[in-house]
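Here is what each chain is made of, one letter per residue.
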Amino acid sequence: MEVDMRWIFLLLMVGVLGCGPKATTSTESRKPVVYVTNEPLRCFAERLAGGDFEIVFPVPKDEDPEDWKPEAALIQKMQQADLILLNGGGYEKWLKKASLPLATQVDTSSAFKEKILQNDAAVTHSHGGKEHAHSGPVGQTWLDLQLAIQQAKAVEAALVRLKPEAAEAIRERSKKLEAELLALDTEMEAVTKLATQKPIIASHPVYGYWARRYNVNLKSLHWEPDDVPTEAQLAELNKLLATHPAKVLVWEDEPNLQAAELVKALGLTSIVVRQCGNTPDKGDFLTLMKKNISALQAALK
Amino acid sequence: MHTLYLAWRYLLHHRFKTLLLVLVVAVTLFLPAGLLVLAGQGEAELTARANATPCLLGAKGSPLELTLGSLYFRNVAMPAMPYGEVDQLEESKLGLPIPLMLRYRSQDDPIVGTSLDYLRFRKLTIIEGNHFTRLGDCVVGAKVAKQRGLHSGSRVLSRPVDAFDVAGVHPLNMRVTGVLAATGTPDDEAIFCDVRTTWVIAGLGHGHDNVTKLQPGQMAPYNEVTDDNIDSFHFHGDEATFPISAIVVVPTDEKAATRLLGRYRKPDSTLQMIEPGVVMGELLATVVRLKKLALTALTLVGLCSLLLVGLVLLLSYRQRQAERQFLVQLGAAHSRVYMLMLSEAVLVIVVGALLAGGLTLVVWWFSPAVLRAWLV
């Protein structure tokens, strides 16, 4: 059989061109840049983005995103971002002093503004010689996993708006994420049912949404896990125990050993339920929530 | 060719008379043409910014004042409206709201409290420094920077609303973080900062400086946001109730624009949403009527002037009877002599028309800048 050499050459050329690296323009290769302000939003955005977006979570691992504030150089970078996903509900306190475009900001909790909790007791402090009382909204909305689902939906909508051509894939991933969050919500509901009648004390007033969603009989202190409670703080706890006889004290992080011993002496079991504001060394928001459920299950059974 | 040369030589010989005739023709043609160009460019100048601003939301009152205040930063009475409207518009997803707080000035330059979206919307770029990043920062328009010698790192001080506002608004010493590129619009003459910075000027937010730095009874001459005191700055009250002057609304699409306009047309609404292009169009409709009157008057004057030119040429023709006869005696054909006279008249009209054209070009070239300074 006679073979036409020109056809062989043409096929080879097609093969070479087809296998070579794809020529992309700079706009094609540039991924939309999305800034997030806490771990739950980072987790949702990463899960939904699927590599189509560049997700930036600028808060250092050792800082609480609620108390963090960006430097001017970072604000300049954020000003150039395509999207800034905010937790809302007063979580980003720095936002009132920073200038970012409104067009790129998305408040993921705006759909449930009426459900935002306010700190009951205003923390009073003095500055400038005069006392000021500052009360404000509670930020940890995601600890109510139903609200977390709504926030994930807001992330989905924002990403779809930013890259409509990836809408189908984003929605597909969103369904999977919603299913995971729903499963966690069901598990959390089941676990907390064990404590419906049992009073619980939290070391910090950050569990408001969790207590409301899962009907937990919770009272809060204002203790830091790293600190050893003072005499006054222990007296305050004793006073609280008189009206709220809890057997469990929920900490945000592993408590100081001495603190754990002191509360143990008062008949309290210390457990860690992380608020999941920042990214853990291993895993993400979802794995942290699973650990929280396990810790609660062990303490409440 | 000879005829034209002879006509040209004749006109040069009678320089003064020729110049007078050329000027009359030039002025007669230039006045209506120049007015048309000036009016057209004035119209374009006024409507360009208005047409580039889809919708404006403000407190109920004069739509024209809302337009002039928000678009050209004119010092007009603009009743305040609550910032909460920005949140409501954001939630409606019908468009991008850009707040404007226009109450304050630094010397005579307007301070525009807004969001960075305004700079993007007007395509204002930074040629020196950076955008404002925090409370107390500002960027300055090209003209302000040039006139006041401002650069990135300079300071500008807000001034009280009026000279007798001694106990009221405390001046804010703002940090200039950048200078905007010139655009030939009112933005060149303004100072831009975050809307919250204007609330600090208004006294709705404040920080707590180290009072030990001051002597007893001494008061800081102005407020200032610094690296040391920024953390102490806070606002008292609900931000949604804080005042702004207007909101530029960029609807997502035409349907959204219609819905937005309808939303604020309710009789009980305390706000009005206007289309600045329409408002300026109505204003210009009045100007166009005046322009037509002026053009008619100028055309009549022009006609009279041309008739006078004709009369002058006719008289000149009669006066030059002896000259014509002399040319005929020299052997020139009658037709050539008439052609010579006609060429002189045509040359006068052509040179006059060219001069009018040149003047009109000058008006066309320089009028945008003059109009900008005069109109806005």
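Calculation notes
Residues numbered from 1 in each chain as written. Chains lettered and ligands numbered in written order. Predicted model: local features only at pLDDT ≥ 70, side-chain atom pairs only at ≥ 80, totals over all residues. Heavy atoms only, no water. Helix = DSSP H or I, 4+ residues; strand = E, 2+ residues; numbered from the N terminus. Buried < 20%, exposed > 50% of the residue type's maximum accessible area, 1.4 Å probe, protein only. Contact = heavy atoms within 4.5 Å. Areas by Shrake-Rupley, 256 points an atom, 1.4 Å probe, with all protein chains shown as cover. Disulfide = S-S within 2.5 Å. Pairing = 2+ DSSP bridges. Axes fitted to C-alpha atoms, helices over the stretch in contact; angles between N-to-C directions. pLDDT = per-residue confidence, 0-100. Left-handed = near helix turned anticlockwise from the far one by under 90°. Nonpolar A, V, L, I, M, F, W, Y, C, P; charged D, E, K, R; others polar. Buried area = accessible area lost by both parts, 1.4 Å probe. Salt bridge = Lys/Arg side-chain N within 4 Å of Asp/Glu carboxyl O. Polar contact = N/O pair within 3.5 Å; in protein donor to acceptor, adjacent residues only side chain to side chain. Parallel < 35°, antiparallel > 145°, perpendicular 65-115°, else oblique. Core = buried A, V, L, I, M, F, W, Y, C linked by side-chain atoms within 4.5 Å. Expected span 1.5 Å × (residues − 1). Arc of directions from axis to C-beta. Patch = residues over 30% accessible without salt bridge, like charges linked within 9 Å, V, L, I, M, F, W, Y side chains within 5 Å.

1. Details of the overall build of chain A
The helix and strand inventory of chain A stands at ten helices and ten strands. In chain A, which comprises 301 residues, the proportion classed as buried is 47%. Considering only contacts within chain A whose residues lie at least 6 apart along the sequence, 60% involve residues at least 24 apart. As presented, chain A carries roughly 15,800 Å² of accessible surface, and 54% of it is formed by carbon and sulfur atoms.

2. Things to note about the state of the cysteines
Residues and elements named next belong to chain B. In total, this model carries zero disulfides over all chains according to the counting rule given. Distance from the sulfur of Cys138, which forms no disulfide, to the nearest cysteine sulfur (Cys193) is 6.7 Å. The buried category is assigned to Cys138, whose relative accessible area is 0%.

3. Some words on the sheet that holds strand β15 (residues 246-251) of chain B
All names here are of chain B. Taking strand neighbours across the sheet as the criterion, the four strands line up as β3-β15-β1-β16 in an open arrangement whose pairing is antiparallel. Only two strands of the sheet have a single partner each, and these edge strands are β3 (95-100) and β16 (271-274). Each adjacent strand pair in this sheet contributes to an overall mean axis angle of 25°, direction not counted. Sitting on the sheet, helix α4 (residues 84-92) touches β1 (55-59), β3, β15 and β16, and the angle it makes with β3 is about 170°.

4. Examining the confidence of the model for chain A
All names here are of chain A. When pLDDT is averaged across chain A, the result is 86; 85% of the residues are at 70 or more. Low pLDDT, under 50, characterises residues 8-27; the stretch is placed with three contacts to residues that sit more than four places away or in other chains. Every residue in residues 122-134 is under pLDDT 50, and counting partners more than four places away or in other chains gives 25 contacts.

5. Considering the packing of helix α3 (residues 63-72) of chain B against helix α9 (residues 276-319) of chain B
All names here are of chain B. Taken N-terminus to C-terminus, the directions of α3 and α9 make an angle of 115°; their axes are 10 Å apart at the nearest point. Crossing angle aside, the handedness with which α3 passes α9 is left-handed. Between α3 and α9, the residues in contact are Pro63, Leu64, Thr67, Leu71 and Tyr72 and Pro276, Val279, Met280 and Leu283, respectively. Per-class residue counts for the contact of α3 with α9 are eight nonpolar, one polar and no charged.

6. Observations regarding the interface of chain A and chain B
Tallying the contact residues gives 23 residues for chain A and 30 residues for chain B. Carbon and sulfur atoms supply 52% of the area buried between chain A and chain B, which totals about 2,100 Å² over both sides. Contact with chain B buries area across many residues of chain A, yet Lys96, Lys97 and Leu102 of chain A alone supply 34% of it, more than any other trio. Our count for the chain A to chain B interface comes out at three salt bridges. With a shortest N-O distance of 3.8 Å, Glu239 of chain B and Lys96 of chain A are connected by a salt bridge. Here chain A is connected to chain B by twelve residue pairs in polar contact (both at pLDDT 80 or more). Secondary-structure elements contributing two or more residues to the side of chain A that touches chain B are α4 (72-79) and β6 (130-134) of chain A. Broken down by element, the residue count for the side of chain A that touches chain B peaks at four residues, all from α4 of chain A. Across the side of chain A that touches chain B, the residue classes break down as nine nonpolar, nine polar and five charged.

7. Thoughts on the environment of Gly283 of chain A
Residues and elements named next belong to chain A. Take Gly283: it is sitting in the loop between β10 (269-272) and α10 (285-300). Given a relative accessible area of 47%, Gly283 falls into the partly exposed group. In this structure, the C-alpha to C-alpha distance between Gly283 and Cys43, residues 240 residues apart in sequence, is 9.7 Å.

8. Description of unusual backbone geometry
Phi angles above zero are rare outside glycine, and Cys276 of chain A is one such case at about 65°. Along the chain, the position of Cys276 of chain A falls in the loop between β10 and α10. Even without being a glycine, Lys93 of chain B presents a positive backbone phi close to 60°. Within the secondary structure, Lys93 of chain B is located in the loop between α4 and β3.

9. A word on the pattern of salt bridges
Residue and element names in this part refer to chain B. Throughout the structure, instances matching the rule amount to 28 salt bridges over all chains. Where Asp137 meets Arg175, a salt bridge forms, and the shortest distance between an N and an O atom there is 2.9 Å. Taken as a pair, Asp137 in strand β7 (residues 137-140) and Arg175 in strand β9 (residues 172-180) lie far apart in primary sequence, 38 residues in all. Here Arg175 falls in the partly exposed class, since its relative accessible area comes to 23%.

10. A few points about the packing of helix α1 (residues 2-13) of chain B against helix α2 (residues 15-51) of chain B
Residue and element names in this part refer to chain B. Running from N to C, α1 and α2 point in directions that differ by 100°, and their axes come no closer than 5 Å. One element, α1, and the other, α2, form an angle in the roughly perpendicular class. For the pair α1 and α2, contact is made by Tyr10, Leu11, Leu12 and His13 and by Arg15, Lys17 and Thr18, respectively. Here the contact of α1 with α2 is built from residues that sort into three nonpolar, two polar and two charged.

11. Some details on the side chain of Ser106 of chain B
Residues and elements named next belong to chain B. Inspection of the secondary structure assignment puts Ser106 in strand β4 (residues 105-106). A polar contact is formed between the side chain of Ser106 and the backbone oxygen of Leu157, at a distance of 2.9 Å. Apart from the residues within four sequence positions on either side, Ser106 is in contact with Ile111, Arg148, Val156, Leu157, Ser158, Arg159 and Ile191.

12. Some words on the sheet that holds β10 of chain A
Residue and element names in this part refer to chain A. If you walk across this open sheet you meet the four strands as β8-β7-β9-β10, and the pairing is parallel. A strand with exactly one partner marks an edge of an open sheet, and here the two such strands are β8 (217-220) and β10. Neighbour-to-neighbour, the strand axes of the sheet open up by a mean angle of 30°, direction not taken into account. Here four bridges tie strand β7 (residues 199-202) to β8, and the two strands are oriented parallel to one another. When the bridges of β8 are listed, Pro199 appears paired with Asn217.

13. Some thoughts on the nonpolar core
Residues Phe44, Leu85, Leu145, Leu181, Tyr207, Trp210 and Phe285 of chain A are the most contacted members of the largest nonpolar core, which totals 70 residues. In terms of residue count, helix α5 (residues 145-162) of chain A provides more of this core than any other element does, eight residues in total. Leaving out residues up to four positions away in the same chain, Leu145 of chain A has contacts with Leu181, Leu184, Asp185, Met188, Tyr214, Phe285 and Met289 of chain A. In terms of nonpolar packing, the next biggest core, distinct from the first, is built from 42 residues, Met81, Val195, Ile230 and Leu271 of chain B among them.

14. Examining α10 of chain A
Residues and elements named next belong to chain A. Here α10 spans 22 Å end to end across 16 residues, near enough to the 22 Å set by a 1.5 Å rise per residue. For α10, the complete set of buried residues consists of Phe285, Leu286, Leu288, Met289, Asn292, Ile293, Leu296 and Leu300. Along the long axis of α10, the arc covered by the buried residues comes to 155°, so they all point the same way. Exposed side chains of α10 directed beyond 90 degrees from the buried face belong to Lys291 and Ala298. Of the residues flanking the start of α10, the one acting as N-cap is Asp284, its side-chain oxygen 3.1 Å from the backbone nitrogen of Leu286.

15. Regarding a nonpolar patch on the surface
A contiguous nonpolar surface patch, about 700 Å² in accessible area, is contributed by Leu361, Val362, Trp364, Trp365, Phe366 and Val370 of chain B. Checked against the element boundaries, Trp364 of chain B lands in helix α11 (residues 334-375).

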